[in-house]
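# Observations on chain architecture
Below, each chain spelled out in residue letters.
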There are 2 protein chains.
Amino acid sequence: MVDVSNMPPLDDRKHKILMLLIQNYLETGEPVGSRTLSKLLTDNLSSATIRNEMADLEEMGYLTSPHTSAGRIPTDMGYRFYVNEIMNEHDKKIESMEEFVIEKTEKMEKVLQQVVKTLAVNTNYATMITTPSTNKNRVKFIQLSLFEECKLVALIVMDGNIVKNKVIELNEGIDQETILKLNLLLNTTLNGLSKEEINLGVIARMKEQSEGYQEIVNNVLDAIAEAFTEDEDLEVYTSGATNLIKYPELADKDNAEKLLLAFEDKSELREFLEEAKEDVSEDGIRVYIGDESNVSSMQDCSVVTATYDLGNGMSGHIGIVGPKRMDYKSVLESLKNIKEQLDSTFKGEKRIEKKKN
Amino acid sequence: MVDVSNMPPLDDRKHKILMLLIQNYLETGEPVGSRTLSKLLTDNLSSATIRNEMADLEEMGYLTSPHTSAGRIPTDMGYRFYVNEIMNEHDKKIESMEEFVIEKTEKMEKVLQQVVKTLAVNTNYATMITTPSTNKNRVKFIQLSLFEECKLVALIVMDGNIVKNKVIELNEGIDQETILKLNLLLNTTLNGLSKEEINLGVIARMKEQSEGYQEIVNNVLDAIAEAFTEDEDLEVYTSGATNLIKYPELADKDNAEKLLLAFEDKSELREFLEEAKEDVSEDGIRVYIGDESNVSSMQDCSVVTATYDLGNGMSGHIGIVGPKRMDYKSVLESLKNIKEQLDSTFKGEKRIEKKKN
DNA sequence: ATTAGCACTCAAACTTTAGGAGTGCTAACA
DNA sequence: TGTTAGCACTCCTAAAGTTTGAGTGCTAAT
């Protein structure tokens, strides 16, 4: 892990050389030598001079060389320096990306899958996104209906118009009047309550009043509980995992397998994104280099995350995973871009449907 | 593609040698030489004799050799012979597989994911499964409820107790009586009808009677249409795609990428499974060797598919993808096993819930 | 402080070599 | 006539050696 507090300051020339070297490395993927830099640099410095500077930068911990006679590549600290640097460049105009169009779709699920796919195709990295989650969810409306002899369906509408339903099988018939009474009871008791507010007291009182239909009440409570928890364990959609094996430094058999496995299983990703939610910067974008992500399979990767916000208290996380030498600039831009798109896609839509049961 | 009608008949000895050779190749993954077979064979035949037989088998098209001085490996026709052969061995006792336990879960989606995962872990191949689909679906029950000023939710129960709901936003308020009337209208008109039976005539008649609430009727019809079609484009769940790159013959960069891509994208898989549905054998299990599957990325793979049946007219497809030298015997057993498990898992449950909206 | 020059290092690519597994063919045998 | 031993031959594989070129560190001159 890079200790940011321990990054020696650089004079102008070193700064320039370091940035140029990293940029070049990001483009080529090859270690960068002194001659290359000397040619690239506007101030006419000889390769020998650059060599000296590079030796210094190596000593300071910004650079390293894969072996004696190769050029230099950035260390994690080098990357960190670079990323900090470009994050400071105040948002330049966002160039319109090629076809970053998200079709309006009915289903949240589909939209998210489209988003990750678009991102993956455009960036050539692996991408992931969580379903949005609300923090404070309340019950809004409950309705029981008999749709067949001995078969009830419970319909529950939650805050944010998330709809949940559950089929309840009865042992014996039930008349419409009873259903009406139960509906009234359920609605008057539960509407407007949050998860925390539906406590034992409330439940007991309700059961008392439900005379002989506790079974139904139990079922409804189950469904509500499910709706609450379902909302908590966020789904993660991914795309472009295979992009990663295009990058030689990630493609070695062992590593590639672990990476792809992580993207198949997703539980590690979910954990990571859940944690990432907590340490967001002001603009919601954050870069994790190497082991900063704390995901072992991604030791050799960098991850860029962003939050997206749907306005009505719902928000989720997007992440882009690539090699450490990923094109940070364009990734940052893409993320900002997609954030905006997501916002505007849902801003017009008052209704958000969510996949359920 | 193997032309089954063109497979020369084999005498006993050739038959024995071919089967033994393939079996050995499945185990080791290495080309099999004449000496190996000579030692393995119970009848004491010299390697020279075996060599002659092998030359014959090669000429017939059952075998091939990767290069002059390697042993022999089966051609696709060889595999086909082997598979046909072992499919004929009447169901031997199915050994209880290690932990083939599917926890009962509420959600179909979760169950299917568990199934593919279990299969993948147990077989070490890649697996896929489609959501079950019904052919003849009918509307069973419709209910409109007002849950908020100007917000209706339409609840639609289909055959097989598939529940669908749709939120409808109104421009102006609506009174309970009108809702009752609409409910009555919708139910009397649509209940019991199939997709085909809801035609223009029915729709027109209903709209006529709905006086000024055509918008709501339209919305309900939309939701019904969605429920019908949704059922048609089956979802595909996969697991263990990364298992495939463990097999050297599939792991070469190019091929591996295509394969993994196919498993990420899934549309090719969906197509394949949809087609597979149509040419099932009596026990519902079928083996596709190499290009028999007609999926280009799986040219070097074999696919074993099975149908599973949920009883109430709903059925889906499972597939296992591995190298051509996959352990056909155990895969066939696993599939039979899982089929049974799926059946019994749902047999007890009268209610099948399905992911919707 | 900068630079030219030079000896040195090392990975990558290519070549060479040796070894071994397996074949096809022939001739001998039961 | 089917089977087998023997042998020359092929071709893959792995190991060892060779070449090349990019790049470095150091030193001495400017």
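Residues numbered from 1 in each chain as written. Chains lettered and ligands numbered in written order. Predicted model: local features only at pLDDT ≥ 70, side-chain atom pairs only at ≥ 80, totals over all residues. Heavy atoms only, no water.

## Structural notes on the pattern of salt bridges
Residue and element names in this part refer to chain A. On inspection of all chains with the given rule, the structure shows 26 salt bridges over all chains. Between K16 and D43 there is a salt bridge whose closest N-O contact spans 3.3 Å. A residue pair is termed long-range when its members are at least 10 positions apart, and K16 in helix 1 (residues 12-28) and D43 in the loop between helix 2 (34-40) and helix 3 (47-60) qualify at 27 residues. In this structure K16 comes out as partly exposed when scored by relative accessible area, which is 40%. Assessed through its relative accessible area of 31%, D43 is described here as partly exposed. Between E197 and R138 there is a salt bridge whose closest N-O contact spans 3.1 Å. Placement of E197 in the loop between helix 6 (176-190) and helix 7 (200-209) and of R138 in the loop between strand 3 (126-130) and strand 4 (139-148) is noted, with a sequence separation of 59 residues between them. Sharing partners across several salt bridges, the network here consists of D11, R13, K14, E53 and D56. (Salt bridge = Lys/Arg side-chain N within 4 Å of Asp/Glu carboxyl O. Helix = DSSP H or I, 4+ residues; strand = E, 2+ residues; numbered from the N terminus. Buried < 20%, exposed > 50% of the residue type's maximum accessible area, 1.4 Å probe, protein only.)

## Here's the deal with the protein's contact with DNA strand D
Residues in close proximity to DNA strand D total 20 residues, the closest being S34 of chain A together with R13, T49, T68 and S69 of chain B. Of what DNA strand D places within 4 Å of the protein, 78% of the atoms are sugar or phosphate. Contacts to DNA strand D include R51 of chain A, whose side-chain N or O atom sits 3.1 Å from a base nitrogen. Between DNA strand D and S69 of chain B there is a distance of 3.1 Å, counted from a base oxygen to a side-chain nitrogen or oxygen. Mapped onto the surface near DNA strand D, the elements with two or more residues apiece are helix 3 of chain A together with helix 3 (47-60) of chain B. Broken down by element, the residue count for the surface near DNA strand D peaks at four residues, all from helix 3 of chain B. Across the surface near DNA strand D, the residue classes tally to four nonpolar, twelve polar and four charged. (Near = heavy atom within 4 Å. Polar contact = N/O pair within 3.5 Å; in protein donor to acceptor, adjacent residues only side chain to side chain. Nonpolar A, V, L, I, M, F, W, Y, C, P; charged D, E, K, R; others polar.)

## Quick notes on the protein's contact with DNA strand C
Around DNA strand C sit 20 residues, and of these T49, T68 and S69 of chain A together with S34 and R72 of chain B come closest. Of all atoms in DNA strand C that approach within 4 Å of the protein, 75% are sugar or phosphate atoms. Separating a phosphate oxygen of DNA strand C from a side-chain N or O atom of S34 of chain B is a distance of 2.7 Å. Backbone polar atom of A70 of chain B to a sugar or linking oxygen of DNA strand C: 3.3 Å apart, as the coordinates give it. Only helix 3 of chain A together with helix 3 of chain B provide two or more residues apiece to the surface near DNA strand C.

## Thoughts on helix 3 of chain A
All names here are of chain A. The end-to-end C-alpha distance of helix 3 is 20 Å, a good match for the 20 Å that 14 residues give at a rise of 1.5 Å each. Those residues of helix 3 that fall on the buried side of the exposure criterion are S47, I50, E53, M54 and L57. Looking straight down helix 3, one finds that the buried residues subtend no more than 120° of arc, so they occupy a single side. Set apart from the buried face of helix 3 by more than 90 degrees, the exposed residues are N52 and E59. Positioned one or two residues after helix 3, G61 has a phi angle of 105°, which is positive. (Expected span 1.5 Å × (residues − 1). Arc of directions from axis to C-beta.)

## Some remarks on the domain arrangement of chain A
As assigned here, chain A comprises domain 1 (4-74), domain 2 (106-131 + 234-356) and domain 3 (139-229). Measuring from the centre of the C-alpha atoms in domain 2 of chain A to the corresponding centre in domain 3 of chain A gives 37 Å. (Domains from an automatic or database assignment.)

## Here's the deal with the sheet that holds strand 3 (residues 126-130) of chain B
Residue and element names in this part refer to chain B. The strand order across the open sheet formed by five strands is 7-3-10-9-8, and the pairing between neighbours is antiparallel. For this open sheet the edge positions go to strand 7 (236-239) and strand 8 (285-289), each flanked by a neighbour on one side alone. Strand-to-strand twist in this sheet, taken as the mean axis angle between neighbours without regard to direction, amounts to 15°. Strand direction decides the pairing type here: strand 3 and strand 7, joined by four bridges, are antiparallel. Bridge pairing in strand 7 places T127 opposite S239. (Pairing = 2+ DSSP bridges. Axes fitted to C-alpha atoms, helices over the stretch in contact; angles between N-to-C directions.)

## Quick word on helix 4 (residues 76-88) of chain B
A rise of 1.5 Å per residue sets the reference length of helix 4 of chain B, with its 13 residues, at 18 Å; its end C-alpha atoms lie 18 Å apart and thus fit the reference within 8%. What helix 4 of chain B keeps buried is the set D76, M77, G78, Y79, R80, F81, Y82, V83 and I86 of chain B.

## Observations regarding the side chain of N255 of chain A
Residues and elements named next belong to chain A. With respect to the helices, strands and loops of the structure, N255 is situated in helix 9 (residues 253-265). A residue is classified by how much of its surface remains accessible, and N255, at 15% relative accessible area, is buried. Within the local environment of N255, its side chain forms a polar contact with the side chain of D300, the two groups lying 3.0 Å apart.

## Re the pairing of strand 4 of chain A
All names here are of chain A. Summarising burial for strand 4: seven of the ten residues are buried, a large majority. Relative to strand 5 (residues 151-158), strand 4 runs antiparallel, the two sharing eight bridges. Residue E148 lies in a different strand from strand 5, and its bridge partner there is K151. Here strand 4 hands over to strand 5 after two residues, with C150 in that stretch at a positive phi of 70°.

## What about the environment of I156 of chain A?
Residues and elements named next belong to chain A. Mapped onto the elements, I156 comes out in strand 5. Distance in space between the C-alpha atoms of I156 and Y213 is 18 Å, their sequence separation being 57 residues. Sequence-distant contacts of I156, defined by excluding residues within four places in its chain, comprise V139, F141, I142, I162, V163, K164, V220, A223 and I224. (Contact = heavy atoms within 4.5 Å.)

## Re unusual backbone geometry
Positive phi outside glycine occurs at K266 of chain A, with the angle close to 75°. Assignment of secondary structure puts K266 of chain A in the loop between helix 9 and helix 10 (267-276). By relative accessible area, K266 of chain A is classed as partly exposed at 23%. For C150 of chain B, which is not glycine, the phi torsion reads 70° and is therefore positive.

## A few points about the sheet that holds strand 8 (residues 285-289) of chain A
All names here are of chain A. Pairing is antiparallel in the open sheet, where five strands are placed in the order 7-3-10-9-8. For this open sheet the edge positions go to strand 7 (236-239) and strand 8, each flanked by a neighbour on one side alone. For this sheet, the mean angle separating the axes of adjacent strands, direction not counted, is 15°. Here five bridges tie strand 8 to strand 9 (residues 301-309), and the two strands are oriented antiparallel to one another. By the bridge assignment, Y288 is partnered in strand 9 with V303. Set on the sheet, helix 5 (residues 108-123) makes contact with strand 3, strand 7, strand 9 and strand 10 (315-323); between it and strand 3 the angle comes to about 155°.

## Examining the environment of L40 of chain A
All names here are of chain A. Relative to the helices and strands, L40 resides in helix 2. Residues L40 and L21 lie 19 residues apart in sequence; the distance between their C-alpha atoms is 9.5 Å. Those residues in contact with L40 that lie beyond four places of it in its chain are L20 and N24.

## Notes on the packing of helix 1 of chain A against helix 4 (residues 76-88) of chain A
All names here are of chain A. Where helix 1 meets helix 4, the closest approach of the two axes is 10 Å, and the angle between their N-to-C directions is 100°. As summarised for this structure, helix 1 and helix 4 are arranged roughly perpendicular, according to the angle between their axes. Packed against helix 1, whose contacting residues are H15, L18, M19, I22, Q23, Y25 and L26, the element helix 4 presents G78, Y79, F81, Y82, E85 and I86 at the interface. Classifying every residue of the contact of helix 1 with helix 4 gives nine nonpolar, three polar and one charged. (Parallel < 35°, antiparallel > 145°, perpendicular 65-115°, else oblique.)

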